[in-house]
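Chain by chain, the residues:
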Amino acid sequence: MEEVTPMGPTETPDLPMIPFNRPALEGRELDYVRESMLSGHQSSGGEFGRKAMAILAEETGAEDVLLTTSCTSALELSAMLLDLGPDDTVIVPSFTFTTSALAFARQGARLLFCDIEPHTLGIDAEHLASLIDDSVKAVVVVHYAGIACDLEGVQKVLADHPGVTLVEDNAHSLFGTWRDRPLGSYGRFAAQSFHDTKNFICGEGGALLLNEARDVDRARVLYDKGTNRRAFLLGQVDKYSWKDTGSSFGLSDVLAAYLLAQLEQREVIQAKRKAVWDRYHEALAPYADEHGFTIMETPAERTSAYHMFYVLLDSHERRNAVLGSLREGGVQATFHYVPLHSSDAGRMFALRETACPVTDDVSGRLLRLPFYNNLSGEDADRVVETFLASLSASAPV
Ligand SMILES: *Cc1c(COP(=O)(O)O)cnc(C)c1O
């Protein structure tokens, strides 16, 4: 007998929800994790970690790479290496994840929140120039969505302040480039994330890229619980002991095994993400003017790391209405970021209040569409259709 589902005249069968993100295995993850668990070496500093670090060092040109438990802990390690104190200031964009700022506040520095420029959503070099002074020890930049911030402008500002360290929060932008050079290679330090919402994943994980040889020895000590264990393992000293401050930053080799399998598939993963990005861009661009939204673009001299796809709607109210009707239509879209400069902790850790009007504006109008390696063309088209229908439904009268 045929099964009949009762359905009213206007109802359609529920389509499965399209999630915002869906972490995926792309290669030999399960084999490597199994191998690592049976290898007799599960802590950090194992064979899988060494291979993953070698790929990252080769691809970015870093002097050394330390795999960490998260991007947050990589940023914390960079803050420790800067020996920050209460008289020091670190400039961070207001439009970023909390830990781009938290890592430096935790080491005792005061923060100055910088605004972003509207077309890359990266740090605004003009505002940066107006904030920088002798108390500033570091500037943190984010290459939002995988697209380089205004590195030219930032470099010009820093050229007049040679004592200021550039730190790249490269969580979105591994394998993106500016002027054909990898993002993550411009700062003295760059922090990567392998959280399961990022392009390359291992559950939770990160890495600190060290781009200057002078930091390598001390970074290894801070990384390894304040000891010179690494030098001991390399046969450079005959015993190891407590040398400095530090913490337990190392990524388990079981997770490094997961990460290695992902990194081995880097071309496949990036090609899949590019295909999703291109499909959204092509399908949405013709409707942008008519519906009053702005579509993200990749400016000149950059290649994207394809971390996400976002659009800017014409008002905060409309963004929220569209988010709501997308959810009703089975599409999980989301917003980004809640500004840091006006947050409770941001106010607490800031040296002084700063105005970030572009951050306030963009944060209220930005909408991120579902974006993951294996989002099918069919599902991407459904996202586009649902998005355009939601826009029409929420059009101001
Ligand atoms: C995800 C993210 C982080 C934090 O990464 P974790 O690995 O979860 O610590 C930091 N900064 C930015 C810009 C991020 O997107």
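It should be emphasised that the depicted structure is a prediction, and the values quoted were computed from it without experimental measurement. (Residues numbered from 1 in each chain as written. Predicted model: local features only at pLDDT ≥ 70, side-chain atom pairs only at ≥ 80, totals over all residues. Heavy atoms only, no water.)

Turning our attention to the UniProt feature "modified residue: N6-(pyridoxal phosphate)lysine" (unreviewed entry) in the protein chain. Within this structure's numbering, the places UniProt gives as "modified residue: N6-(pyridoxal phosphate)lysine" (unreviewed entry) are Lys 198. Position of Lys 198 relative to the elements: it lies in the loop between β8 (189-193) and β9 (206-210). (UniProt positions renumbered as here; feature names shortened; annotations may be inferred. Helix = DSSP H or I, 4+ residues; strand = E, 2+ residues; numbered from the N terminus.)

Moving on to the sheet that holds strand β10 (residues 294-295). Ordered by their spatial adjacency, three strands build an open sheet running β10-β12-β13, and the pairing between neighbours is antiparallel. Unpaired on one side and paired on the other, β10 and β13 (366-368) mark the two borders of the sheet. In the sheet, strand β12 (residues 310-312) pairs with β13 via three bridges, with the strands oriented antiparallel. The residue of β13 that forms the bridge with Val 311 is Leu 367. (Pairing = 2+ DSSP bridges.)

In terms of burial, strand β1 (residues 64-68) is a largely internal element, five of the five residues being buried. Across the two faces of β1 the burial is the same, with Asp 64, Leu 66 and Thr 68 and Val 65 and Leu 67 all buried. One ladder, built from five bridges, connects β1 with β9; its direction is antiparallel. In the strand pairing of β9, Val 65 is matched with Leu 209. (Buried < 20%, exposed > 50% of the residue type's maximum accessible area, 1.4 Å probe, protein only.)

This paragraph deals with the layout of surface pockets. One number sums up the size of the largest pocket: a volume of about 550 Å³. What lines the largest pocket is a set of 30 residues, and nearest its centre among them are Phe 97, Thr 197, Lys 198, His 336 and Tyr 337. Those elements that place two or more of their residues in the lining of the largest pocket are α3 (71-81) and α4 (98-105). A per-class count over the lining of the largest pocket returns ten nonpolar, 15 polar and five charged. Quantified by volume, the second largest pocket comes out at close to 340 Å³. Around the second largest pocket sit 16 residues that line it, and Ser 44, Gly 45, Arg 50, Arg 230 and Leu 233 are the ones nearest its centre. Where the lining of the second largest pocket is concerned, the elements lending two or more residues are α2 (47-60), β1 and α8 (229-233). (1 Å grid on protein atoms, 1.4 Å probe; cavity = no way out; pocket = protein on both sides within 12 Å on 5 of 7 lines; lining within 4 Å. Points joined across faces, edges and corners; volume = space filled by probe spheres on them. Nonpolar A, V, L, I, M, F, W, Y, C, P; charged D, E, K, R; others polar.)

Looking now at the sheet that holds strand β2 (residues 89-93). Ordered in space as β1-β9-β8-β5-β4-β2-β3, the seven strands form an open sheet in which the pairing is mixed. Since the sheet does not close on itself, it has two edges, and those belong to β1 and β3 (110-114), each with one partner. Adjacent strand axes in the sheet meet at a mean angle of 20° when their direction is disregarded. Across the sheet, helix α7 (residues 216-223) lies against β1 and β9, angled at about 15° from β1, the strand it touches most. (Axes fitted to C-alpha atoms, helices over the stretch in contact; angles between N-to-C directions. Contact = heavy atoms within 4.5 Å.)

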